[in-house]
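Structural overview
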Amino acid sequence: MSKITKIEEQKKKKNRVNLYIDGEFASGLYKETLIKYHLYVGKELSHSELISIQSNENLVEAKERVRNYLSYRHRSKKEVNDYLIGKGFNKEVIEKVERDFENAGLLNDCLFAERWVKDRNARNPKGHFALRMELKEKGISDVDIEKALKFVDERENARKAALKAIKKYSNKKDSKKKILTYLQRRGFPSYLSREVVEENE
């Protein structure tokens, strides 16, 4: 058996403590883990209890990292999965974190896809083809992609992109060709690219 000899709050991270066992620093812990296992100075812990505590700590750490990761923008399940793999978490922890965040409504690929295309519509209009490729890279299913694309007026997006391209290339040599190339790079079909360019001639 091992005995907890000291618990001190970390100076920089108030939600974490330093745990000392048998007079030596053992590990840093989140207060969530401290409370869950009713840890206090003088408590004796078996080897299996120490393993269980560390396992829970890994889970809490993964959740904290994902909360921070999601604080910058919405993420797909694949992005979260890849992020946690990169941080060295095992499959069991990753699956548990994803399940908990999905149940809490914080991880939703269908909603992610809808927000993604709406953001693109507002800031950088693209065609269905380009949006499909972007969402596939994010791990979004075909079903969720098609649902999200219902929010996209491809012709209107093409018009917006064309106006941007015209402003950029109108005074340059082979301007029409450059404008069409610009639109096709953004995933608009050739026929639609030509139509919106001709509307502005």
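Residues numbered from 1 in each chain as written. Predicted model: local features only at pLDDT ≥ 70, side-chain atom pairs only at ≥ 80, totals over all residues. Heavy atoms only, no water.

What follows concerns the packing of helix 8 (residues 154–169) against helix 9 (residues 175–185). In contact at an axis separation of 9 Å, helix 8 and helix 9 are set at 140° when each is read in the N-to-C sense. As judged from the angle between their axes, helix 8 and helix 9 are oblique. Along this stretch, helix 8 crosses helix 9, giving a crossing that reads as right-handed. Contacts from A158, A161, A162, K164, A165, I166 and Y169 of helix 8 reach helix 9 at S175, K178, I179, Y182, L183 and R185. Across the contact of helix 8 with helix 9, the residue classes break down as 9 nonpolar, 1 polar and 3 charged. (Axes fitted to C-alpha atoms, helices over the stretch in contact; angles between N-to-C directions. Helix = DSSP H or I, 4+ residues; strand = E, 2+ residues; numbered from the N terminus. Parallel < 35°, antiparallel > 145°, perpendicular 65-115°, else oblique. Left-handed = near helix turned anticlockwise from the far one by under 90°. Contact = heavy atoms within 4.5 Å. Nonpolar A, V, L, I, M, F, W, Y, C, P; charged D, E, K, R; others polar.)

This part covers the environment of K12. Within the secondary structure, K12 is located in the loop between strand 1 (2–9) and strand 2 (16–21). Its relative accessible area of 84% is what places K12 among the exposed residues. Sequence separation between K12 and S48 is 36 residues; the distance between their C-alpha atoms is 30 Å. (Buried < 20%, exposed > 50% of the residue type's maximum accessible area, 1.4 Å probe, protein only.)

Strand order across the open sheet formed by 4 strands is 3-2-1-4, with antiparallel pairing between neighbours. If you trace the sheet from one side to the other, it starts and ends with strand 3 (24–30) and strand 4 (44–45), each paired once. Judged from the 5 bridges that link them, strand 1 and strand 2 form a sheet pairing that is antiparallel. From the neighbouring strand, I7 faces strand 2, where its bridge partner is L19. Seen against the sheet, helix 2 (residues 47–70) touches strand 1, strand 2, strand 3 and strand 4 and runs at an angle of roughly 45° to strand 3. (Pairing = 2+ DSSP bridges.)

According to the stated counting rule, one finds 21 salt bridges in the structure shown. Close ionic contact of R120 with E134 constitutes a salt bridge, the shortest N to O distance being 3.1 Å. Taken together, the residues span a long stretch of sequence, with R120 in helix 5 (residues 109–123) and E134 in helix 6 (residues 128–137) at a distance of 14 residues. Each member of the pair, R120 as well as E134, carries the same accessibility label: buried. A salt bridge links R155 to E195, with the nearest nitrogen and oxygen atoms 2.6 Å apart. Linking R155 in helix 8 with E195 in helix 10 (residues 190–199), this pair joins segments that are 40 residues apart in sequence. Its relative accessible area of 30% is what places E195 among the partly exposed residues. Among the charged side chains, a network of salt bridges with common partners joins R155, E156, R159, E195 and E199. (Salt bridge = Lys/Arg side-chain N within 4 Å of Asp/Glu carboxyl O.)

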